[in-house]
Structure formats: structure tokens, C-alpha cells
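Summary of the model geometry
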Amino acid sequence: MTVHALFFYLFAALALLGAVGVVALRQPIQGAVSLLLTLLSVAALFLLRGAEFLAAAQIVIYAGGILAIFLFAIMFVAYREEEKRRRWHPQWPAAVVLGLGLAATLLAFLLRPALGVPAGLGAAQAAAGGNTEALAEVLFRTYLVPFEVISLFLIVAMVGGILMASWGVKR
Amino acid sequence: MITATHYLVLSACLFGIGAVGVMVRKNLITLLLSIELMLNAVNLNLIAFSHQWGDMLGQVFAIFVMAVAAGEAAIGLGIITAIYRNRGTVEADQVRGMEG
């Protein structure tokens, strides 16, 4: 077994463990920490596929930013009632069947050997001088307008988040 | 030999777990955490295909997915905070203001 395969199976197992923890653990704070395990494992998997910039962005944006917002929201919202009441929705048998069916359908399509030989990112990235440089070439030449739109979207989301969080506050 | 198929199978499993989480849990914050899980599975797919076909486009779209996930978390958690302040609960089956 090569080193690449060893690391893939290690981080895939950690990612799946974290994902199961998000769904199964009782408290949302435990779910958030469990999601952190999945996010870091997925960042490591990005590294294995040669996406260095995205691995760093995954750690900074997801593990650093989004998860911090989640922890703040969990801090604001108290959780005394959920310990007493049942946490599973009554529709859980149907949901498990639907979820497994979805995964099985995806797997049935994926397991056909139709993907062919990998071209590899090596040539494209070497021509540009590295992963980040190659990404910047595509992002800021071909996809400049969507990039600006997404920054506009983030400002709107920020204003909307502040507005929503302060909705109903007595002044 | 680890191929793109390995990554796609892992991504399908993560997406399925996230979908089950959205359907079975009642806590609104856990629902959002499950949605983040599904978005991560999508990103893993994009990266795997980007490597498979030697095209940077997959990584560009993964960046867009990350930005959308950040905006969704900000607005979603703002809404959950407002719901908790006004209704005193974050259980999905306790919030039924839009039922007919």
C-alpha cells in the first residue's frame, strides 16, 4: 500500500467518523466539534489531490470562520430542553431509507468504470508556476465577474445576518 | 492506487450522512451543520474531478461553494438566533408559524 493510499484511507475514515458524529451526537456543540474533525480531514484530502490553496482556504474559512460563527450561535442559544426531549424526528425510519437510497444511487453511478485515465493537474499547474498561480489565472481572467458577484453576495449576506440576528430586540 | 472513484465514493457517503442528518434531527443548528457537511461532500467531488481531468475549473467552483456556505451560515444562524429570541426554542417541529 502506498503512502498516498494510507493517508487517503486514514483521512477518509476520520471524515466519515466526524460526519456520523454530527448526525448522532446529542448536543450541537459536540456536533460542531465533530464537524471540525470532518473539515480538517477533508482539507487533508484536498492536499492529497493537489489543491493546496483550497486546503488552506478550507482550514481558514470553514474551520476558522464558519465554525466560529456556529460556536457563537450555540453560545447564544441555550440547550436545556433538548436533553429531556427526544432528539430524533418521528420521520427518522423514512429518512434513513431515503438517505441510504440516495447514497446507493450515487454509488451505483460512480462505480461504473467510465472515468478513464486521470489527466492529472501536474502539467496545467506547472505551466502557471504552482497551484495558487494556476487558480488565480482561471479565477481572475475567465471568472472575474462571478468572483465580483460572490463578493457582493457576501456583503449582502453579512448585512442580512446582522439584520436577522437583531430582529425583535427591544430597544 | 487511489483513483477519483475513491474520492467520489467517500463524497457520496458524506452527502448521504448529511442528508440523513437534515431529515432526522430536530435541532435547527444541527440541521445547518448537516448542510455544511453536504456542501463539503460537493467540494470533495469538485476537487476529485478537477484532478481527474486536469482542469482548474473544479477548484474555482469549490471556492464559490465555500463563499455560499459562509453566507448561508451567517444568515441561517442569524435567523436561528432571532427564532430563539422570539419563540424560545430552536426545535424544528416547535416552530410552526407557516403551517396552514
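Everything discussed here concerns the structure shown above.
Summarised in this report is the structure supplied together with it. (Residues numbered from 1 in each chain as written. Chains lettered and ligands numbered in written order. Predicted model: local features only at pLDDT ≥ 70, side-chain atom pairs only at ≥ 80, totals over all residues. Heavy atoms only, no water.)

Another aspect to go through is the overall build of chain B. Scanning chain B from N- to C-terminus turns up three helices and zero strands. In chain B, buried positions account for 61% of the 100 residues. A separation threshold of at least 6 residues defines the contact pool for chain B, and within that pool the share at least 24 residues apart is 54%. Of the roughly 3400 Å² of accessible surface on chain B, a fraction of 67% belongs to carbon and sulfur atoms. (Helix = DSSP H or I, 4+ residues; strand = E, 2+ residues; numbered from the N terminus. Buried < 20%, exposed > 50% of the residue type's maximum accessible area, 1.4 Å probe, protein only. Contact = heavy atoms within 4.5 Å. Areas by Shrake-Rupley, 256 points an atom, 1.4 Å probe, with all protein chains shown as cover.)

In this section: the overall build of chain A. Secondary structure assignment for chain A yields eight helices and zero strands. When the helices and strands of chain A are read in sequence order from the N terminus, they spell out α-α-α-α-α-α-α-α. Intrachain contacts of chain A at a sequence separation of at least 6 include 54% that bridge at least 24 residues. Total accessible area on chain A is roughly 10100 Å²; 76% of this is exposed by carbon and sulfur atoms.

Let us now look at the side chain of Arg25(B). Looking at the element boundaries, Arg25(B) is found in the loop between helix H1 (4-24) and helix H2 (28-53). A polar contact of 2.8 Å, which involves the side chain of Arg25(B), links it to the backbone oxygen of Leu25(A). (Polar contact = N/O pair within 3.5 Å; in protein donor to acceptor, adjacent residues only side chain to side chain.)

As a further point, take the packing of aromatic side chains. As enumerated under the stated definition, the model contains seven aromatic pairs over all chains in all. Between the aromatic rings of Tyr143(A) and Phe61(B), the centroid separation amounts to 6.0 Å while the plane-to-plane angle is 70°, which identifies the pairing as edge-to-face. Placement of Tyr143(A) in the loop between helix H7 (131-142) and helix H8 (144-165) and of Phe61(B) in helix H3 (residues 57-87) is noted, with the two residues assigned to different chains. Residue class for Phe61(B) comes out partly exposed when judged on its relative accessible area of 37%. (Phe/Tyr/Trp six-rings, centres within 6.5 Å; stacked < 30°, edge-to-face > 60°.)

Phe46(A), Leu54(A), Phe70(A), Leu14(B) and Leu44(B) are the most contacted members of the largest nonpolar core, which totals 66 residues. Of all elements in the fold, only helix H1 (3-24), helix H2 (28-48), helix H3 (52-76), helix H5 (92-110) and H7 of chain A together with H1, H2 and H3 of chain B reach the threshold of two or more residues within this core. For this core, the element with the most residues is H3(B), which contributes twelve residues. Of the domains in this structure, domain 1 (1-84) and domain 2 (129-171) of chain A are the two that each give at least three residues to this core. Contact partners of Leu54(A), with chain neighbours within four places excluded, come to Phe46(A), Ile47(B), Gln59(B), Ala62(B), Ile63(B) and Met66(B). (Core = buried A, V, L, I, M, F, W, Y, C linked by side-chain atoms within 4.5 Å. Domains from an automatic or database assignment.)

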